[in-house]
Amino acid sequence: MTAHATVRGDVAVLVPAAGMGVRLGPGGPKALRLLGGEPLLVHAVRRLALAPSVGCIVVAAPADAVADVVALLASVAPVTVVAGGATRQASVAAALAAVPADFEIVLVHDAARALTPPELVESVAAAVRGGHGAVIPVLPVVDTIKRVSDSGSVVETVDRSVLRAVQTPQGFRRDVLVKAHEAAVDEHTDDAGMAERIGIPVHTVPGAEAALKITRPFDLAVAELLL
Ligand code: CTP
Ligand code: MG
């Protein structure tokens, strides 16, 4: 299946949304859990569609929920929905395969970062358009970070000034993302990790606090407050 280029911009966004949300506790796939009365995926897609650069959105839904997700998003934005895979990486690959040939810039954005502002989408897209093959939004690490042994003793304190917490959307020249996925042998938790593995320089732009990933019940409570 190939997505239709229905919106305005030159950027395709892949939205992996097929995860089970195990860390959020019982209650079904995370992307379909409610935040302020609406599924996380609806919040995420609505904000993506508000970014002027976005011309195509491909959602990877839980395999048994594709029809439900099509119905859910029908009134939110024009999207294509594919069945996701057993891992995030497989879900991204499935969505990537559905992007029309004319999109040279592809972003990957977790449905779990439901409150990501459209401005962050624009800034990542602009950095790719400006010539960077791979771009990630990052925030400084605020906690003191220590390396700890299996037995729980501190091994060392890590210099946090050189560390960054990484968010999505992550942006790529399409050929870079395709090559990174083709070359991936092991599982990566993000797409830039795959690009790094094949030697692609990864550029950083400032992230956004509101792009927090909803992983545990506490994050959902924080997101409710932000909303
Ligand atoms: N994801 C996906 N396909 C998978 C696993 C994850 O599309 N097989 C998506 C999730 O839906 C989420 C994003 O990747 O939008 C980031 O994953 P994560 O936050 O780990 O979500 P879950 O895998 O759902 O959560 P958990 O790991 O707690 O089960
Ligand atoms: Mg997961």
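Please read all numbers here as calculations on a predicted model, not as lab measurements. (Residues numbered from 1 in each chain as written. Chains lettered and ligands numbered in written order. Predicted model: local features only at pLDDT ≥ 70, side-chain atom pairs only at ≥ 80, totals over all residues. Heavy atoms only, no water.)

The subject of this paragraph is the site of ligand 1. Neighbouring ligand 1 are 18 residues, the closest being Pro16, Val22, Lys30, Ser91 and Lys213. Within the contact set of ligand 1, an oxygen atom lies 2.9 Å away from a backbone nitrogen or oxygen of Gly19. At a separation of 3.3 Å, a nitrogen atom of ligand 1 approaches a polar backbone atom of Thr87. When isolated, ligand 1 has an accessible area of 560 Å², and the protein chains bury 87% of it. Here the shell around ligand 1 is built from residues that sort into 8 nonpolar, 5 polar and 5 charged. (Near = heavy atom within 4 Å. Polar contact = N/O pair within 3.5 Å; in protein donor to acceptor, adjacent residues only side chain to side chain. Areas by Shrake-Rupley, 256 points an atom, 1.4 Å probe, with all protein chains shown as cover. Nonpolar A, V, L, I, M, F, W, Y, C, P; charged D, E, K, R; others polar.)

A few words on the nonpolar core. Counting residues in each nonpolar core, the largest one holds 29 residues, and the members touching the most others are Val15, Leu41, Ile57 and Val59. Elements with a contribution of two residues or more to this core: β1 (11-16), α1 (40-49), β4 (54-61), α2 (66-73), β6 (105-108) and α4 (118-129). Excluding residues that lie within four positions of it along the chain, Val15 makes contacts with Leu41, Leu48, Ile57, Val58, Val59, Ala60, His109 and Ala111. Counting residues in hydrophobic clusters, the runner-up holds 24 residues, among them Cys56, Val82, Val108 and Ala134. (Core = buried A, V, L, I, M, F, W, Y, C linked by side-chain atoms within 4.5 Å. Buried < 20%, exposed > 50% of the residue type's maximum accessible area, 1.4 Å probe, protein only. Helix = DSSP H or I, 4+ residues; strand = E, 2+ residues; numbered from the N terminus. Contact = heavy atoms within 4.5 Å.)

Our next topic: the pairing of strand β5 (residues 80-83). Bridging between β4 and β5 involves 4 bridges; their strand directions are parallel. Paired with Val58 across the bridge in β5 is Thr80. A crossover links β4 with its parallel partner β5, the connecting element being α2, and its sense is right-handed. (Pairing = 2+ DSSP bridges. Right-handed = clockwise from strand over helix to strand, strands pointing away.)

Inspection of every chain in the model, using the stated rule, returns 8 salt bridges. For Asp110, the salt bridge is made with Arg88, and the minimal N-O distance between the two is 2.9 Å. Note that Asp110 is positioned in the loop between β6 and α4 and Arg88 in helix α3 (residues 88-96), a separation of 22 residues in sequence. Residue Arg88 is classed as partly exposed on the basis of its relative accessible area, which comes to 22%. The structure contains a network of salt bridges with shared partners spanning Arg88, Asp110, Arg113 and Asp191. (Salt bridge = Lys/Arg side-chain N within 4 Å of Asp/Glu carboxyl O.)

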